[in-house]
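Coordinate analysis (summary)
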Amino acid sequence: NAGVTQTPKFRVLKTGQSMTLLCAQDMNHEYMYWYRQDPGMGLRLIHYSVGEGTTAKGEVPDGYNVSRLKKQNFLLGLESAAPSQTSVYFCASGPGLWPQHFGDGTRLSIL
Amino acid sequence: GQQLNQSPQSMFIQEGEDVSMNCTSSSIFNTWLWYKQDPGEGPVLLIALYKAGELTSNGRLTAQFGITRKDSFLNISASIPSDVGIYFCAGNYGQNFVFGPGTRLSVLP
């Protein structure tokens, strides 16, 4: 049972480049989340989804877009990467209003 | 938005000692949760609390939902080296869910 799988695990981008972070869960959870983790600030919610085809903004959505075309997948996109988006990104899933299972993170550096 | 405060920010303890940490908010919360994050990994849900005064255990871990609904506590008994990590509190207020900044625990042999 893989749980929540994130790809890639590491990535370095140049300012202005775009990329998509992939998240897949195999627990049939309705809710999926994208968080970013920065030193001393805990986890901040970027976007979330309450079911296939739905997305909603979290606390820090600017500069990011998401899509949930299939229930098991939740994609996070950076259209034009900025150094302020250097962070560790975590995807999570759960059956309700809070995340139950997290992936191991994607470490993203923007130069 | 709502901020959660965790205390202490970090702590160093001897193996075998008991540990206490807490989380406070300025708003009333409907649920409190505690997660642990090991280095290089995602957080893992340890305990979920659903009503004021509730006391729940998970092995050597015990957490309590404060009576005022504005705080929660986590205790770890007889600490071992694998307890090292960052402990996050989190909770729901209304439709919102937020994480605290974490308590970093180090266990000395």
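See the structure shown above.
Described in the following lines is the structure provided in the data block. (Residues numbered from 1 in each chain as written. Chains lettered and ligands numbered in written order. Predicted model: local features only at pLDDT ≥ 70, side-chain atom pairs only at ≥ 80, totals over all residues. Heavy atoms only, no water.)

This brings us to the overall build of chain A. Tallying secondary structure elements over chain A gives zero helices and eleven strands in all. Starting at the N terminus and ending at the C terminus, chain A contains elements arranged as β-β-β-β-β-β-β-β-β-β-β. Rg of the C-alpha trace for chain A: 13 Å, near the compact-globule value of 13 Å for 111 residues, within the 12% margin. Viewed in the frame of its principal axes, chain A has a C-alpha envelope of about 35 × 25 × 25 Å. (Helix = DSSP H or I, 4+ residues; strand = E, 2+ residues; numbered from the N terminus. Rg over C-alpha atoms; globule rule 2.2 N^0.38 Å.)

On to the packing of aromatic side chains. All told, the structure shown has 14 aromatic pairs over all chains when counted by the stated rule. With a centroid separation of 5.8 Å and 40° between ring planes, the pair formed by Trp-98 of chain A and Tyr-50 of chain B is classed as tilted. Here Trp-98 of chain A, found in the loop between β9 (87–94) and β10 (101–102), pairs with Tyr-50 of chain B, found in the loop between β5 (44–49) and β6 (55–58), and the two come from separate chains. A residue is classified by how much of its surface remains accessible, and Trp-98 of chain A, at 17% relative accessible area, is buried. Here the aromatic rings of Phe-29 of chain B and Trp-32 of chain B are separated by 4.6 Å at their centres, their planes lie at 15°, and the arrangement is stacked. There is no split in this pair, since Phe-29 of chain B and Trp-32 of chain B are both buried. Following the ring pairs from residue to residue traces out a cluster consisting of Tyr-31, Tyr-33, Tyr-35, Phe-90 and Phe-102 of chain A together with Tyr-35, Phe-88, Phe-97 and Phe-99 of chain B. (Phe/Tyr/Trp six-rings, centres within 6.5 Å; stacked < 30°, edge-to-face > 60°. Buried < 20%, exposed > 50% of the residue type's maximum accessible area, 1.4 Å probe, protein only.)

Relative to the helices and strands, Lys-36 of chain B resides in strand β4 (residues 31–37). Within the structure, Lys-36 of chain B has its side chain in polar contact with the side chain of Asp-38 of chain B (distance 3.0 Å). (Polar contact = N/O pair within 3.5 Å; in protein donor to acceptor, adjacent residues only side chain to side chain.)

Now for the interface of chain A and chain B. The interface is formed by 15 residues belonging to chain A together with 17 residues belonging to chain B. Note on chain A versus chain B: buried area summed over both sides is about 1,300 Å², and carbon and sulfur give 61% of it. Sorting the residues of chain A by area buried against chain B places Leu-43, Leu-97 and Trp-98 of chain A first, and these three jointly supply 41% of that buried surface. Summed over the shared surface of chain A and chain B, the result is zero salt bridges. Applying the counting criterion to the chain A and chain B interface returns three residue pairs in polar contact (both at pLDDT 80 or more). Here the residues of the side of chain A that touches chain B are counted per class, giving eight nonpolar, five polar and two charged. (Contact = heavy atoms within 4.5 Å. Buried area = accessible area lost by both parts, 1.4 Å probe. Salt bridge = Lys/Arg side-chain N within 4 Å of Asp/Glu carboxyl O. Nonpolar A, V, L, I, M, F, W, Y, C, P; charged D, E, K, R; others polar.)

This part takes up unusual backbone geometry. Backbone torsion omega between Thr-7 of chain A and Pro-8 of chain A reads -5°, so that peptide bond is classified as cis. Between Ser-7 of chain B and the following residue, Pro-8 of chain B, the backbone shows a cis peptide bond with an omega angle of -5°. Following the sequence through the fold, Pro-8 of chain B ends up in the loop between β1 (5–7) and β2 (10–14). Positioned with a positive phi, Asn-28 of chain A is a non-glycine residue whose angle comes to about 60°. Here Asn-28 of chain A shows up in the loop between β3 (19–25) and β4 (31–37).

What the rule picks out here adds up to five salt bridges over all chains. Residues Asp-38 of chain A and Arg-36 of chain A are paired through a salt bridge, measuring 2.9 Å at the closest nitrogen-oxygen approach. Residue classification places Arg-36 of chain A among the buried positions, given a relative accessible area of 8%. Among the ionic pairs, Asp-38 of chain B bridges to Lys-36 of chain B, the shortest N-O distance being 3.0 Å. By relative accessible area, which is 12% here, Lys-36 of chain B ends up buried. Residues participating in the shared-partner salt-bridge network are Arg-36, Asp-38 and Arg-44 of chain A.

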